[in-house]
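# Coordinate analysis (summary)
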Amino acid sequence: MIIDTHTHTFPDRIATRALAGMEKSIVDNHGWDVKIKVAGTRDALSESTKKNGVDISVVVPVATKPEQSVSINEFAAHTNEKTKETGVFSLGAIHPDNEDYKDILDDIKKKGLKGIKVHPDYQKVEFDDPRYLRIFKYADELGLVIVTHAGEDIGFPEKIHCTPDMVLNVLNKVNPKKLVLAHMGGWNLWDEVEEKLVGKNVYFDTAFSFEKGIPHLEKEQFLRIVEKHGADKILFATDSPWSDQGYTLERLKEFGMSEEALNLILGENAKKLFEF
Ligand SMILES: [Zn+2]
């Protein structure tokens, strides 16, 4: 079974414009010509999922404003009514300024969305801020998976809102059972991840970690992290449409891991974590 635990989709009518804006901000900030690999709509993700032999692509939606959470979660529930046909499953969204966070998390649980995604850079709140801690504590009580963007975001390079030290602080204060740090623990902070987070009670996802022409995780360091952290706590993820699902699958397969480790990473870990 192959499960891509980190993908994005946008509503059809805004996908082209939203993604072009994000591409432009990456060029403006870094001069990196990072282009989307598929259209970024639910249909395009479904097509890519089937084409690449992925069983389930998990969408991780982000509420950039508090008032978006409810409608994103409604949309997610509709998406999940068709998972059998599309291969696409959506988690829920929540914003740190949602004062009614308990109601929103209860609703996410009731809708069967299995987890939440937070993005400290887009939500402009540090990962160990009390507003996040209260959400993590209650989400953990409900048994929800918590996925967070970690490390640098190439659209917002000026400040990192989820550093390894902030993660350690969250682990000390809440220690959620199902915490997933995207981008192998922290995009472009992999030395610090190795030093501070390897072996801790967290999952790392592989999203957007192997792209050429921009900072990426080298094979040696990736294998070292897998070895020290445990293949049972690494999740296959692409960040589609930003990475191609087929490309990321190929990279993982050519790293020469044992078949057992590869199977855990490609799907078995996610199946257990999300209870698919
Ligand atoms: Zn992402």
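All figures in this text were calculated on a predicted structure; none of them were measured in a lab.

The next thing to look at is the sheet that holds strand 3 (residues 88-90). Reading across from one edge, 1-2-3 is the order of the 3 strands in this open sheet, with parallel pairing throughout. Each edge of the open sheet carries a strand with a single partner, namely strand 1 (3-7) and strand 3. Neighbouring strand axes in the sheet, compared pairwise and without regard to direction, differ in orientation by 25° on average. The sheet contact formed by strand 1 and strand 2 (residues 56-59) spans 3 bridges and is parallel. From the neighbouring strand, Thr 7 faces strand 2, where its bridge partner is Val 59.

Moving on, we come to the pattern of salt bridges. In the structure shown here, the tally under the stated rule is 17 salt bridges. With a shortest N-O distance of 3.4 Å, Lys 35 and Asp 33 are connected by a salt bridge. On the basis of relative accessibility, which here comes to 58%, the residue Asp 33 falls in the exposed class. Here Glu 74 makes a salt bridge to Lys 111, at a shortest N to O gap of 3.5 Å. Remark: Lys 111 occurs in the loop between helix 5 (101-110) and strand 5 (115-118) and Glu 74 occurs in helix 3 (residues 69-81); sequence separation between them is 37 residues. Classification of Lys 111 by relative accessible area gives partly exposed; the value is 25%.

In this description, an aromatic ring pair is defined by two values, namely the gap between the centres and the angle between the planes. By the definition in use, this model includes 12 aromatic pairs. With a centroid separation of 6.2 Å and 50° between ring planes, the pair formed by Phe 127 and Tyr 132 is classed as tilted. Here Phe 127 matches Tyr 132 in class, with each residue buried. Ring centres 5.8 Å apart and planes at 35° place the aromatic pair Phe 274 and Phe 276 in the tilted group. An aromatic cluster of at least three residues, connected via ring pairs, comprises Trp 32, Trp 187, Trp 190 and Phe 208. Taking NZ or CZ as reference, Lys 102 lies 5.1 Å from the ring centre of Tyr 138, over its face. Sitting over the ring of Phe 276, Lys 114 keeps its end group 5.2 Å from the ring centre.

Among all positions in helix 2 (residues 42-51), only Ala 44, Leu 45, Ser 46, Ser 48 and Thr 49 are buried. Packed against the buried residues of helix 2 are strand 1, strand 2, helix 4 (83-86), strand 3 and helix 11 (245-254). Phi for Gly 53, located one or two positions after helix 2, is positive at around 70°.

Here we come to the coordination of the zinc ion. Protein coordination of the zinc ion is provided by His 6 (NE2), His 8 (NE2) and Asp 239 (OD), with donor distances spanning 2.1 to 2.2 Å. One chain supplies every donor for the zinc ion, spaced along it as H-x1-H-x230-D. Of this pair, His 8 sits in the loop between strand 1 and helix 1 (12-30) while Asp 239 sits in the loop between strand 9 (234-235) and helix 11; the two residues are 231 residues apart in sequence, bridging distant segments of the chain. Residue Asp 239 is classed as buried on the basis of its relative accessible area, which comes to 8%.

So, about the sheet that holds strand 7 (residues 179-181). Ordered in space as 4-5-6-7-8-9, the 6 strands form an open sheet in which the pairing is parallel. The outermost strands of the open sheet, each flanked by one partner alone, are strand 4 (92-93) and strand 9. Two elements, strand 8 (residues 203-205) and strand 9, share 2 bridges in a ladder whose sense is parallel. Bridge pairing in strand 9 links Asp 205 to Leu 235.

Moving on: the UniProt feature "domain: Amidohydrolase-related" (unreviewed entry) in the chain. UniProt records the feature "domain: Amidohydrolase-related" (unreviewed entry) at residues 3-276, using the numbering of this structure. Annotated as residues 3-276, this span is 46% helix and 11% strand, and its ends, taken at the C-alpha atoms, are 10 Å apart.

Before going further, it helps to examine the nonpolar core. Counting residues in hydrophobic clusters, the biggest one holds 67 residues, and the most contacted among them are Leu 105, Ile 116, Phe 127, Phe 136, Phe 204, Phe 222 and Leu 252. At 6 residues, the largest contribution of residues to this core is made by helix 7 (residues 130-141). Filtering out sequence-adjacent residues up to four positions away, Phe 204 remains in contact with Leu 181, Met 184, Gly 185, Val 193, Leu 197, Val 198, Ile 225, His 229, Lys 233, Ile 234 and Leu 235. Ile 3, Phe 89, Val 180 and Tyr 203 belong to the second-largest nonpolar core, a separate cluster that totals 14 residues.

About the thresholds
Residues numbered from 1 in each chain as written. Predicted model: local features only at pLDDT ≥ 70, side-chain atom pairs only at ≥ 80, totals over all residues. Heavy atoms only, no water. Pairing = 2+ DSSP bridges. Helix = DSSP H or I, 4+ residues; strand = E, 2+ residues; numbered from the N terminus. Axes fitted to C-alpha atoms, helices over the stretch in contact; angles between N-to-C directions. Salt bridge = Lys/Arg side-chain N within 4 Å of Asp/Glu carboxyl O. Buried < 20%, exposed > 50% of the residue type's maximum accessible area, 1.4 Å probe, protein only. Phe/Tyr/Trp six-rings, centres within 6.5 Å; stacked < 30°, edge-to-face > 60°. Lys NZ or Arg CZ within 6 Å of the ring centre and 35° of its normal. Contact = heavy atoms within 4.5 Å. Donors = N, O, S within 2.8 Å, 3.2 Å for Na, K, Ca; no water. UniProt positions renumbered as here; feature names shortened; annotations may be inferred. Core = buried A, V, L, I, M, F, W, Y, C linked by side-chain atoms within 4.5 Å.

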